[in-house]
Amino acid sequence: MDTSSTSAVLALLQPVPPFLFFTGKGGVGKTSLSSATALALAEQGLRVLLVSTDAASNLDEMLGVTLSNQAMPVPGVPGLEVINIDPEAAAEAYRLRVIAQLGEQAADEERATVREQLSGACTTEIAAFDEFAGLLAAGGAGYDHVVFDTAPTGHTLRLLSLPKAWSGFLEDNDRGASCLGPHSGLKMQEQRFREALAALTDGAQTRVVLVSRPERSALLEADRACRELEELGLNSQRLIINGVLSPQAASDAVSRAIAEAGRQALAEMPAALAALPRAEVPLRAFDTIGLPALRALLSGGEPTAAVLTQQAVLTQAALRAHAAAMPGLDRLADELAAPGRGLIMVMGKGGVGKTTVAAALAIGLVQRGHSVHLSTTDPAAHLELTLDGQLDGLKVDRIDPKAETARHIDKIMASRGAGLDAASRALLLEDLQSPCTEEVAVFHAFSRVVSEARSAFVVLDTAPTGHSLLLMDATGAYHRQMLREFEGKMGGGRVTTPLMRLQDPDYTRIVLVSLPETTPVSQAEALQADLRRADIEPYAWLLNRSILAAETADALLLARKQGEWRQWQRVQGGLAQRCFVLPWQAEPPVGVAALGRLVSRAQKAAT
């Protein structure tokens, strides 16, 4: 089934099951579509719970409600409540439950030890997962529908695989999971995990909505998710193509180019994805912030005056002048190359173009005479697809969670397991099969990559914000552990942890990537605040896919240009210490040559 009317989105989901999961590549509109769907269901008189599993969620801005790890009513929408599975809040609640199991007789030292055991990324993940599993196992008690607005694909696949992984682990391990502490009580949760798995794999209870833009990379990631979810037993799937542009002026070259690129991507989408029932949602001139905008998104009609607020309007010439004055990616590459070595971390919400920017900057450093190691912490790992080639002086790899986990297990077994008898070795290996081990292994791999920047350039394409923040949590926990263990034992020397390297502006420069739109800028602002709380100061912002300088007469694109200019004013008005721009590209910059042109010193003049 292929429908082109936005009013067909709800029809596509019929019959609507108790659980709906919206997932896909970052930036494709999952939050907008999941929120609009939950709103539409609630306004049919149903009781609906909208759940965010993204640590970087912007549901609060979109719905005008303060997010909490407790269900909160959405003002003006009877029957609709929203909850954010906040990893930090979930982890603290989990720690308190575990410590309570020690009993009143436990000494303060024992409590402190257990709290420290439960301070890492493993605990954060399992605690957030426990909240998620509880909603599924309870059958959405009290609600007609539970709509999940998920984190970007790689993190979501990890989350959806956990019920199966933990159920299998607990079934085979009757002694608990030592990586989460001797009092974790995970075995007590086994029935909950089984019930969550049963709900996920029952097509009558759960439907997955794959969301994509009409872009090759987004469609390929949706296809990957489609296949991996089927392997997990989640076979009830639908596809929504969001942001489809139909040119309003036939003679407009820019809108024609965008529309044609979308048509070609859809025509070439993988067969399995093309076979799914799907609907298309047109590109809108407005940001989906607030209830009127969310209603307009799925209504199929024109937005109301409440959606399009009156703003100061600049002429095309004024917009072009602003764009021409903004420094480009070539200037950023020049600045980053100056020290001759260092760690460059490219961070941001999913879908803003981090991989493209990271790959282009790495190539730019090679152009300027340096050897570069380009790597990624993103489970989705788009680097190879983006580079599509090789370049002398550029080493490319990725932190592969499965390979790193196997390497970590082998190392532990060779060290801690060397002097153990067969039974003890079997118990150690059994504990290391815990899904938490992957988080520890990835952190150690990340630390190795960070240390390379002492004498060379390392460019790191990070996972979308929520996943990266969990990695930062692990970095902070390791930092505290090292300071405790080595305090007073270094003979006057000083231990240097990965966190200390990230905090050193002479060692690490972080580039925050955002689209010049309201929600992505707000998300980048929140990420910057999180980094600053860890005493990490971003070096620069990069606003990607800017259409400010594009010559267009298309009414929809003109409206979006005005909105983009307002976001430029916002970023340059105090958010960013330095701000750079990467203009919209008629052809996606894929391949070494195309990426190299983005950072060439002649690039600004050419655009």
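Up top you'll find the structure we're talking about.
Residues numbered from 1 in each chain as written. Predicted model: local features only at pLDDT ≥ 70, side-chain atom pairs only at ≥ 80, totals over all residues. Heavy atoms only, no water.

K.L.:
Explain the overall build of the protein chain to me, please; I cannot follow it from the model alone.
P.N.:
Within the protein chain one finds 25 helices and 16 strands. Put simply, the protein chain has 607 residues, and 57% of those count as buried. Considering only contacts within the protein chain whose residues lie at least 6 apart along the sequence, 77% involve residues at least 24 apart. In the form shown here, the protein chain has an accessible surface area of approximately 24700 Å², with 52% of it arising from carbon and sulfur atoms. (Helix = DSSP H or I, 4+ residues; strand = E, 2+ residues; numbered from the N terminus. Buried < 20%, exposed > 50% of the residue type's maximum accessible area, 1.4 Å probe, protein only. Contact = heavy atoms within 4.5 Å. Areas by Shrake-Rupley, 256 points an atom, 1.4 Å probe, with all protein chains shown as cover.)

K.L.:
Sorry if this is basic, but what is going on with the packing of aromatic side chains here?
P.N.:
Aromatic rings in a pair are described by how distant their centres are and how their planes are angled relative to each other. For the coordinates displayed, the defined rule picks out two aromatic pairs. A centroid spacing of 6.5 Å and a plane angle of 45° characterise the contact between Phe-19 and Phe-148, whose relative ring orientation is tilted. Of this pair, Phe-19 sits in strand S2 (residues 19-23) while Phe-148 is found in strand S6 (residues 145-149), placing the two residues 129 residues apart along the sequence. Seen from their ring centres, Phe-21 and Phe-148 are 4.2 Å apart, and the 0° between their planes marks the pair as stacked. Taken together, the residues span a long stretch of sequence, with Phe-21 in strand S2 and Phe-148 in strand S6 at a distance of 127 residues. With respect to burial, Phe-21 and Phe-148 carry one shared label: buried. One aromatic cluster is present, formed by Phe-19, Phe-21 and Phe-148 through successive ring pairs. Note that Arg-47 overlies the ring of Tyr-143, its terminal NZ or CZ placed 4.7 Å from the centroid. Directly above the ring of Tyr-539 sits Arg-578, whose terminal nitrogen or CZ lies 3.9 Å from the centroid. (Phe/Tyr/Trp six-rings, centres within 6.5 Å; stacked < 30°, edge-to-face > 60°. Lys NZ or Arg CZ within 6 Å of the ring centre and 35° of its normal.)

K.L.:
Please explain the pattern of salt bridges as it appears in this structure.
P.N.:
With the rule as written, the count across this model stands at 14 salt bridges. For Arg-227, the salt bridge is made with Asp-223, and the minimal N-O distance between the two is 3.1 Å. Here Arg-227 pairs with Asp-223, and both are found in helix H9 (residues 216-231), just four residues apart, close to one helical turn. The exposure class assigned to Arg-227 is partly exposed, which follows from its relative accessible area of 41%. Ionic pairing is found between Glu-525 and Arg-570, a salt bridge with its closest N-O pair at 3.3 Å. Of this pair, Glu-525 sits in helix H22 (residues 518-533) while Arg-570 is found in helix H23 (residues 555-575), placing the two residues 45 residues apart along the sequence. For Glu-525, a relative accessible area of 34% corresponds to the partly exposed category. Residues participating in the shared-partner salt-bridge network are Glu-404, Arg-407 and Arg-448. (Salt bridge = Lys/Arg side-chain N within 4 Å of Asp/Glu carboxyl O.)

K.L.:
Looking at this structure, how should I read the side chain of Glu-564?
P.N.:
By the secondary structure assignment, Glu-564 is in helix H23. For the buried residue Glu-564, which engages in no salt bridge, the nearest side chain bearing the opposite charge is Arg-560, 7.3 Å off. Among the polar contacts listed, one links the side chain of Glu-564 to the backbone nitrogen of Leu-548, at a separation of 3.3 Å. (Lys, Arg positive; Asp, Glu negative; His and termini not counted. Polar contact = N/O pair within 3.5 Å; in protein donor to acceptor, adjacent residues only side chain to side chain.)

K.L.:
Explain the sheet that holds strand S14 (residues 508-514) to me, please; I cannot follow it from the model alone.
P.N.:
Sheet strands associate in pairs through backbone hydrogen bonding, adopting either a parallel or an antiparallel arrangement. Sheet architecture is open: seven strands sit in the order S12-S11-S13-S10-S14-S15-S16, paired in parallel fashion. Every interior strand has two partners, whereas the edge strands, strand S12 (394-396) and strand S16 (579-583), have only one. On average, adjacent strands in this sheet sit at an angle of 20° to one another, irrespective of strand direction. Both strand S11 (residues 372-376) and S12 contribute to a ladder of three bridges, which runs parallel. Its bridge partner being in S12, Val-372 is matched across the sheet by Leu-394. (Pairing = 2+ DSSP bridges. Axes fitted to C-alpha atoms, helices over the stretch in contact; angles between N-to-C directions.)

K.L.:
In this structure, what is going on with helix H17 (residues 401-415)? I would like to understand it.
P.N.:
In an α-helix, one full turn covers 3.6 residues, which means residues spaced three or four apart are oriented alike. The terminal C-alpha atoms of H17, which comprises 15 residues, lie 21 Å apart, in line with the 21 Å expected from a rise of 1.5 Å per residue. For H17, the set of buried residues is Pro-401, Glu-404, Thr-405, His-408, Ile-409, Ile-412 and Met-413. With its buried residues spanning 165° around the axis, H17 presents them on a single face. H17 presents Asp-410, Lys-411 and Ala-414 as exposed residues on the side facing more than 90 degrees away from its buried surface. (Expected span 1.5 Å × (residues − 1). Arc of directions from axis to C-beta.)

K.L.:
In this structure, what is going on with the packing of helix H2 (residues 30-42) against helix H12 (residues 291-299)? I would like to understand it.
P.N.:
Pairs of packed helices are described in terms of their axes, by the angle between the two and the distance that separates them. In the contact formed by H2 and H12, the axes pass within 9 Å of each other and the chain directions differ by 90°. Taken together, the axis directions place H2 and H12 in an arrangement best described as roughly perpendicular. On H12, the residues that touch Ser-32, Leu-33, Ser-35, Ala-36, Thr-37 and Leu-39 of H2 are Leu-291, Leu-294, Arg-295, Leu-297 and Leu-298. Looking at the contact of H2 with H12 residue by residue, the class counts come to seven nonpolar, three polar and one charged. (Parallel < 35°, antiparallel > 145°, perpendicular 65-115°, else oblique. Nonpolar A, V, L, I, M, F, W, Y, C, P; charged D, E, K, R; others polar.)

K.L.:
Whenever I open this one, the side chain of Ser-35 confuses me. Can you help?
P.N.:
Structurally, the position occupied by Ser-35 is in helix H2. By relative accessible area, Ser-35 is classed as buried at 0%. Ignoring any residue separated from it by four or fewer positions in sequence, one finds Ser-35 in contact with Leu-50, Leu-59, Met-62, Leu-63 and Leu-294.

K.L.:
How do you make sense of the packing of helix H15 (residues 354-367) against helix H24 (residues 592-599) when you look at a structure like this?
P.N.:
Two elements in contact, H15 and H24, have axes whose closest approach is 8 Å; the angle formed by their N-to-C orientations is 75°. Looking at the two axes, H15 sits roughly perpendicular to H24. Together, Thr-356, Ala-359, Ala-360, Leu-361, Ile-363, Gly-364 and Gln-367 of H15 and Val-592, Leu-595, Gly-596, Leu-598 and Val-599 of H24 make up the contact between the two elements. In terms of residue class, the contact of H15 with H24 is built from eight nonpolar, four polar and no charged.

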